[in-house]
Structure formats: C-alpha cells, structure tokens
Amino acid sequence: MKKTFKLILKSLLIIGLFMSMANSAVLSSKQIKTLKMVKKIAIQYPNKVGETFENTAMAICLTETSAGVFKVGDIGKDPNIFNASLGIMQVRLETAKFLAKKLNWTEVLNMSDVKLVNKLLGDDEFNVKVAVRFIVWLNDYTNHNYFRTVSRYNGGNYNRSYYYRVMKNMQIVKETIK
C-alpha cells in the first residue's frame, strides 16, 4: 500500500512537471517576441479612464494569428484581399478606415486602399497600433464593457465563443509573457 501510494505520488509529480514544461513550451521564441511587441505598443494607448489593454491585445493576437504565424484571414470566403483580415492582429481594411475617421488619424486617411493593405500586411507595428487603438475605441464605445469590447473585435456584439477563446489565450499570455 505504501509503495503504491509513493508510486502514484511520484507519477503525479512527473506529470505535473511535464505539464508545466509543456505550458512554457507552447509558444515559440518568435511568437513570444511578437507578443512582447504587442504588449509594448498596447501600453502606449490607454482608454478614457487610463486603462491599457496589453494582455487583451496579446490574447487577441494569439487567438487571431497564433501570434503572427498566419497573417491573412478570411481569404477563403472571398479571394479579394481588400475584404480579408490582415496582419498579426487580423485588421480589416474597412476597420482601419472606420477607425481613422473616428480618430481623425490623418496618416491612415491619406493612404490609398492598396497602400493601407500593404501596410497592414507588411508593418507589424502599424498593424498592432491600429488594432490596439480599435480595442481602446471599442472599450470606450461599449462603456467599458469588457465582454462586448472583446466580442466586437471579432465582429459580433455577443460573440461568446470568440470571447472564451481569447480568455483561454489570456491565461497563456499571463503565464508566458512577463
């Protein structure tokens, strides 16, 4: 009985060690570098009450593109690149233009669609700035309703499945990115 108990305890310790190693190895060094860049940018853009959304932005990046692994989304639904979700934060052209109008962001307002698509795809920092500023705008727009902020990032007012995926990735982000 004592031997069985020790064997079970030893097995549990080994499984626990393996699980913690697996959690820390979930993300590649490139993904971690991408998420740290997202965090650095997100800290620069607080909402109207001074909150920043670095963990949210990192979790969304992980949810949308596995932290930069996939940079073009929705292309199977419509092969028109102007209708696709683009870059590491999966920003749509129409979202970037909408946000630019709301914020009077002249740098974006002055870009042609082709230039804006290329910038969203080719400039990760710019892509993150647009996405983070959109998250902040959404948070202010929803009167700081976090669930609706995250849901609306993916195009829905009450997108529970997306919200729960982001929250799952939030745990990974909190455990991995310091």
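Up top is the structure.
The paragraphs below set out a description of the structure included in this document. (Residues numbered from 1 in each chain as written. Predicted model: local features only at pLDDT ≥ 70, side-chain atom pairs only at ≥ 80, totals over all residues. Heavy atoms only, no water.)

### Some remarks on the layout of surface pockets
Roughly 460 Å³ of internal volume is contained in the largest pocket. Lining the largest pocket are 19 residues, and of these Arg92, Thr95, Tyr153, Asn154 and Gly155 lie nearest its centre. Breaking the lining of the largest pocket down by element, the ones donating at least two residues are β3 (91–92), α4 (93–103), α7 (124–141) and α8 (146–153). Per-element tally for the lining of the largest pocket: the top contributor is α7, with four residues. Its residues assigned to classes, the lining of the largest pocket shows seven nonpolar, six polar and six charged. Estimates place the volume of the second largest pocket at around 160 Å³. In terms of lining residues, the second largest pocket is bounded by Tyr45, Pro46, Lys48, Leu103, Arg133, Val136, Trp137, Asp140 and Tyr141. The dominant element in the lining of the second largest pocket, judged by the number of residues it contributes, is α7, at five residues. (1 Å grid on protein atoms, 1.4 Å probe; cavity = no way out; pocket = protein on both sides within 12 Å on 5 of 7 lines; lining within 4 Å. Points joined across faces, edges and corners; volume = space filled by probe spheres on them. Helix = DSSP H or I, 4+ residues; strand = E, 2+ residues; numbered from the N terminus. Nonpolar A, V, L, I, M, F, W, Y, C, P; charged D, E, K, R; others polar.)

### Observations regarding the sheet that holds β3
The strand order across the open sheet formed by three strands is β1-β2-β3, and the pairing between neighbours is antiparallel. Unpaired on one side and paired on the other, β1 (72–73) and β3 mark the two borders of the sheet. Bridge analysis of β1 against strand β2 (residues 85–86) gives two bridges, and the strand direction is antiparallel. Bridging across to β2, Val72 finds its partner in Leu86. (Pairing = 2+ DSSP bridges.)

### Topic: the packing of α4 against helix α6 (residues 113–122)
Put simply, α4 and α6 touch, their axes get as near as 10 Å, and they point 105° apart. As far as their axial angle goes, α6 and α4 are roughly perpendicular. In this structure, α4 contributes Leu93, Ala96 and Lys97 to the contact, and α6 contributes Asp113, Leu116, Val117 and Leu120. For the contact of α4 with α6, the class distribution of residues is five nonpolar, no polar and two charged. (Axes fitted to C-alpha atoms, helices over the stretch in contact; angles between N-to-C directions. Parallel < 35°, antiparallel > 145°, perpendicular 65-115°, else oblique. Contact = heavy atoms within 4.5 Å.)

### Observations regarding the packing of aromatic side chains
On inspection of all chains with the given rule, the structure shows nine aromatic pairs. Geometrically, the ring pair formed by Phe134 and Trp137 is stacked, given 6.3 Å between the ring centres and 5° between the ring planes. Note that Phe134 and Trp137 are positioned in helix α7 at a spacing of three residues, about one turn of the helix. The class for Phe134 is buried, based on a relative accessible area of 10%. When the centroid spacing of 6.4 Å and the interplanar angle of 75° are considered together, the rings of Tyr146 and Tyr163 count as edge-to-face. Within this pair, whereas Tyr146 is found in helix α8, its partner Tyr163 is found in helix α9 (residues 160–176), the two being separated by 17 residues in sequence. Residue Tyr146 is classed as partly exposed on the basis of its relative accessible area of 25%. Its relative accessible area of 16% is what places Tyr163 among the buried residues. (Phe/Tyr/Trp six-rings, centres within 6.5 Å; stacked < 30°, edge-to-face > 60°. Buried < 20%, exposed > 50% of the residue type's maximum accessible area, 1.4 Å probe, protein only.)

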